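In case you want the letters, here they are:
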There are 2 protein chains.
Amino acid sequence: MNLADYFGPAVRRHRELLRLSQEELAERAGIDRTYISGVERGVRNPSLDVMQRIARGLGVDLDVLFATAREIATRQDS
Amino acid sequence: MNLADYFGPAVRRHRELLRLSQEELAERAGIDRTYISGVERGVRNPSLDVMQRIARGLGVDLDVLFATAREIATRQDS
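Since the model is a prediction, treat every value here as computed from it, not as a measurement. (Residues numbered from 1 in each chain as written. Chains lettered and ligands numbered in written order. Predicted model: local features only at pLDDT ≥ 70, side-chain atom pairs only at ≥ 80, totals over all residues. Heavy atoms only, no water.)

Q: Please provide a residue-by-residue account of a negative patch on the surface, values included.
A: Residues and elements named next belong to chain A. On the surface, a cluster of negative charge is contributed by Glu23, Glu24, Glu27 and Asp32. Its location among the elements puts Glu27 in helix H2 (residues 22-29). Relative accessible area serves as the criterion here: at 68%, Glu27 is assigned to the exposed category. (Patch = residues over 30% accessible without salt bridge, like charges linked within 9 Å, V, L, I, M, F, W, Y side chains within 5 Å. Areas by Shrake-Rupley, 256 points an atom, 1.4 Å probe, with all protein chains shown as cover. Salt bridge = Lys/Arg side-chain N within 4 Å of Asp/Glu carboxyl O. Lys, Arg positive; Asp, Glu negative; His and termini not counted. Charge placed at Lys NZ, Arg CZ, Asp CG, Glu CD. Helix = DSSP H or I, 4+ residues; strand = E, 2+ residues; numbered from the N terminus. Buried < 20%, exposed > 50% of the residue type's maximum accessible area, 1.4 Å probe, protein only.)

Q: Account for the pattern of salt bridges, naming residues and giving values.
A: Residue and element names in this part refer to chain B. Evaluation of the coordinates by the stated rule reveals ten salt bridges over all chains. Arg12 is the partner of Glu40 in a salt bridge, and the nearest nitrogen-oxygen pair spans 2.9 Å. With Glu40 in helix H3 (residues 33-40) and Arg12 in helix H1 (residues 7-17), this residue pair connects regions lying 28 residues apart in the sequence. For Glu40, a relative accessible area of 4% corresponds to the buried category. Close ionic contact of Glu40 with Arg15 constitutes a salt bridge, the shortest N to O distance being 2.6 Å.

Q: Tell me about the nonpolar core, and please be specific about residues and values.
A: In this structure, A:Phe7, A:Ile54, A:Leu62, A:Phe66, B:Phe7, B:Leu62 and B:Phe66 are the most contacted members of the largest nonpolar core, which totals 49 residues. Residues within four places of A:Ile54 in sequence aside, it is in contact with A:Val11, A:Leu25, A:Ala29, A:Ile31, A:Ile36 and A:Val39. (Core = buried A, V, L, I, M, F, W, Y, C linked by side-chain atoms within 4.5 Å. Contact = heavy atoms within 4.5 Å.)

Q: Any chance you could break down the side chain of A:Ser47 for me, citing the residues and the numbers?
A: Its location among the elements puts A:Ser47 in the loop between helix H3 (33-40) and helix H4 (48-57). Of note is the side chain of A:Ser47, whose polar atom sits 3.1 Å from the side chain of B:Asn45. Dropping the residues within four chain positions of it, A:Ser47 is found in contact with B:Asn45, B:Pro46 and B:Ser47. (Polar contact = N/O pair within 3.5 Å; in protein donor to acceptor, adjacent residues only side chain to side chain.)

Q: Now, about the relation of the copies chain A and chain B: what can you tell me, with residues and values included?
A: Overlaying chain A on chain B yields an RMSD of 0.0 Å, the required transformation being a rotation through 180° with an accompanying axial translation of 0.0 Å. Taken together, the turn and the small shift mark the pair as related by a two-fold rotation axis. The C-alpha atom lying nearest the rotation axis in chain A is that of A:Ser47; the distance is 2.0 Å. A share of 100% of the interface residues of chain A reappears at the interface of chain B, consistent with the copies meeting face to face through the same patch. (Least-squares fit on C-alpha atoms with pLDDT ≥ 70 in both.)

Q: Which residues make up the interface of chain A and chain B, and what values do they have?
A: Interfaces are often sized by the amount of accessible area the parts lose when they come together. On the chain B side, the residues contacting the 19 residues of chain A number 19 residues. For the pair chain A and chain B, the summed buried surface comes to about 1,700 Å²; carbon and sulfur atoms form 53% of the total. Three residues, A:Asn45, A:Leu48 and A:Asp63, lead the burial of chain A against chain B; their summed loss comes to 31% of the area buried on that side. Run the count over chain A and chain B and you get two salt bridges. When the shortest N-O distance is used, the salt bridge between A:Arg70 and B:Asp63 registers 2.6 Å. Counting across the interface, chain A meets chain B through 18 residue pairs in polar contact (both at pLDDT 80 or more). Elements that contribute at least two residues to the side of chain A that touches chain B include exactly H4 and helix H5 (62-77) of chain A. Of the residues in the side of chain A that touches chain B, the class split is ten nonpolar, four polar and five charged. (Buried area = accessible area lost by both parts, 1.4 Å probe. Nonpolar A, V, L, I, M, F, W, Y, C, P; charged D, E, K, R; others polar.)

Q: Explain the packing of aromatic side chains residue by residue, including any values.
A: Evaluated as defined, the whole model comprises three aromatic pairs over all chains. Linked through ring pairs, A:Phe7, A:Phe66, B:Phe7 and B:Phe66 together constitute an aromatic cluster. (Phe/Tyr/Trp six-rings, centres within 6.5 Å; stacked < 30°, edge-to-face > 60°.)

Treat this as a map of the structure, not an account of what it does.
See the structure below:
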């Protein structure tokens, strides 16, 4: 299991929990909306700094995002 | 608290727990030794894919590395 593959879905889950649009998250994180979309779809390879900005935009830190990634990955495997 | 700042120290802790040299971890992860050194010192900004390869080289996944990062950060703040 590579949790990197589930970082995007974890970002989407937290964004939707906050009822934020990709545009609103992009603005909070200081990142382009299309980049957020690419990260959520798993077609982007964000750097550690960008991942930290996305986490802050979601009001969580990276340990929380990867715990969510683990949860999503585990559920998909079951 | 930005856990990105503690990713390097977390990599170092797991590497030392396994009694691996930077050279050995670099080989396992398929990354240059000097890059591992830079990540551990926090002067590199690794991508998600590279971070996943480092985690695999340490025999853990990214949730575990960021949980260790949280532990190190919390202890340093106390």
